[in-house]
Amino acid sequence: MTSDFQSVLHVRTETLQQQKNRRDTFSSSANVPQMPSSSSATRWLLLDESNQSEVSIDMNNVQGDRPHVQLQSLEDKFIQSRVDTMKNIEQTVVELGSIYQQLAQMVQEQGEMVQRIDSNVEESHTNIELAHGEIVRYFQSISSNRWLMVKIFAVLIVFFVFFVIFIS
């Protein structure tokens, strides 16, 4: 039973270390990509000055990739990081569930032991009461025997005195 408890503590310690690592990994803002803002998406689009209804793309700021590909890439990274985070949370919840199941099993085993201890204590209490009664009875027997011995000794002394005085 102690080894079960030690294994639960070991698993819990490992889980806490993993949670700390996850917290460190996902809490820093540099590791979590942010959703692209609409203003960064609109800076690539410019209104054509000759025709106000048409939109043109500013190709001067593009570094070999298209803006919508970059936006899609950022969105994919963000979604993937969220998926990974959810998987980690789910795994943590499953680990906690298994720890609680082990704890419930240990509590149940302890409950059986407590019941056995309680019944042993009650049995010991009954035996002690019976022993006390026997000791009291024995003491009464001894004390009544003393008086008997004293009476016999007194009768013998009386006979001795009677024979010494009247026979001698």
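Being a predicted model, the structure only gives us computed values, none of them experimental.

Some thoughts on the overall build of the protein
Logical step 1: Counting its regular elements, the protein contains three helices and two strands.
Logical step 2: Listed N to C, the secondary structure of the protein is α-α-β-β-α in terms of helices and strands.
Logical step 3: Evaluated residue by residue, the protein yields a buried proportion of 10% over its 168 residues.
Logical step 4: Pairs at least 24 apart in sequence give 60% of the contacts found in the protein among residues at least 6 apart.
Logical step 5: Summed over all atoms, the accessible surface of the protein reaches about 14200 Å², with 61% contributed by carbon and sulfur.

Some details on the pattern of salt bridges
Logical step 1: All told, the structure shown has two salt bridges when counted by the stated rule.
Logical step 2: The closest approach of N and O atoms between Lys20 and Asp24, which form a salt bridge, is 3.5 Å. Within this pair, Lys20 and its partner Asp24 are both found in helix α1 (residues 2-27), separated by four residues, close to a single helical turn.
Logical step 3: With relative accessibility at 48%, the residue Lys20 sits in the partly exposed group.
Logical step 4: Given a relative accessible area of 44%, Asp24 falls into the partly exposed group.
Logical step 5: Among the salt bridges present, the one from Glu134 reaches Arg137, with a minimum N-O distance of 2.7 Å.

Scoring rules and cut-offs
Residues numbered from 1 in each chain as written. Predicted model: local features only at pLDDT ≥ 70, side-chain atom pairs only at ≥ 80, totals over all residues. Heavy atoms only, no water. Helix = DSSP H or I, 4+ residues; strand = E, 2+ residues; numbered from the N terminus. Buried < 20%, exposed > 50% of the residue type's maximum accessible area, 1.4 Å probe, protein only. Contact = heavy atoms within 4.5 Å. Areas by Shrake-Rupley, 256 points an atom, 1.4 Å probe, with all protein chains shown as cover. Salt bridge = Lys/Arg side-chain N within 4 Å of Asp/Glu carboxyl O.

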